Amino acid sequence: MNKTVISGLVAAFVILVASLLLKPDDATVARAESAPQAPVAGMVTMVDLGAKECIPCKMMAPIMEELEKEYQGRAAVVFIDVWKNPGAGQQFGIRSIPTQIFYDAQGKEISRHEGFLDKQSIVATLVKLGVQ
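What comes next is a walk through the structure. (Residues numbered from 1 in each chain as written. Predicted model: local features only at pLDDT ≥ 70, side-chain atom pairs only at ≥ 80, totals over all residues. Heavy atoms only, no water.)

1. Quick notes on a nonpolar patch on the surface
- A cluster of nonpolar side chains, namely Ile-55, Met-59 and Phe-116, defines an oily patch on the protein surface of about 300 Å² accessible area.
- Mapped onto the fold, Phe-116 is located in the loop between strand 4 (109-114) and helix 5 (119-128). (Patch = residues over 30% accessible without salt bridge, like charges linked within 9 Å, V, L, I, M, F, W, Y side chains within 5 Å. Areas by Shrake-Rupley, 256 points an atom, 1.4 Å probe, with all protein chains shown as cover. Salt bridge = Lys/Arg side-chain N within 4 Å of Asp/Glu carboxyl O. Helix = DSSP H or I, 4+ residues; strand = E, 2+ residues; numbered from the N terminus.)

See below:
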């Protein structure tokens, strides 16, 4: 890994840790969104925890939108912005963003990945979980 990539990952990690550890002020609480339900009961679910401003998360955004449309009704594809939902990072036990968590239809965590994840890898994991 080159120094630029490592520096970017370290910066994202520091920002994530700070956002999880610092008590939110009233303005942050007012801006907080309610996190979507995840995992989705009875469906294979892929949860992507990130932030709309993080670079690898921005790279994944169009992939997530495509997957959400392509797998509608067959698998749940959920994005949770941990900067707008500060409790989600702790709830899902994430250490860095983006983090993708895959759940089977019974809601059991099957796999977890930290960092950018390409569409082909996501599709392969969904297929492995039985999604056609």
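2. Comments concerning the environment of Val-77
- Among the structural elements, Val-77 can be located in strand 2 (residues 76-81).
- On the accessibility criterion, Val-77 (9% relative accessible area) is buried.
- Between the C-alpha atoms of Val-77 and Met-43, which are 34 residues apart in sequence, the distance is 9.9 Å.
- If near-sequence neighbours (up to four positions away) are discounted, Val-77 is found in contact with Met-46, Met-64, Leu-67 and Glu-68. (Buried < 20%, exposed > 50% of the residue type's maximum accessible area, 1.4 Å probe, protein only. Contact = heavy atoms within 4.5 Å.)

3. Thoughts on the state of the cysteines
- Taken as a whole and assessed by the stated rule, the structure comprises 1 disulfide.
- Covalent S-S linkage joins Cys-54 and Cys-57, the inter-sulfur distance amounting to 2.2 Å. Between Cys-54 and Cys-57 the disulfide shows an S-S torsion of about 80°. By sign, it is right-handed.
- Judged by its relative accessible area of 5%, Cys-54 falls in the buried class. (Disulfide = S-S within 2.5 Å.)

4. Topic: unusual backbone geometry
- Between Ile-97 and the following residue, Pro-98, the backbone shows a cis peptide bond with an omega angle of -5°.
- You can see Pro-98 is positioned in the loop between helix 4 (86-91) and strand 3 (99-103).

5. What to know about the pattern of salt bridges
- Under the defined criterion, the tally for this structure stands at 4 salt bridges.
- For Glu-70, the salt bridge is made with Lys-119, and the minimal N-O distance between the two is 2.7 Å. On the criterion of sequence distance, the pair formed by Glu-70 in helix 3 (residues 55-70) and Lys-119 in helix 5 is long-range, its members being 49 residues apart.
- Judged by its relative accessible area of 23%, Lys-119 is partly exposed.

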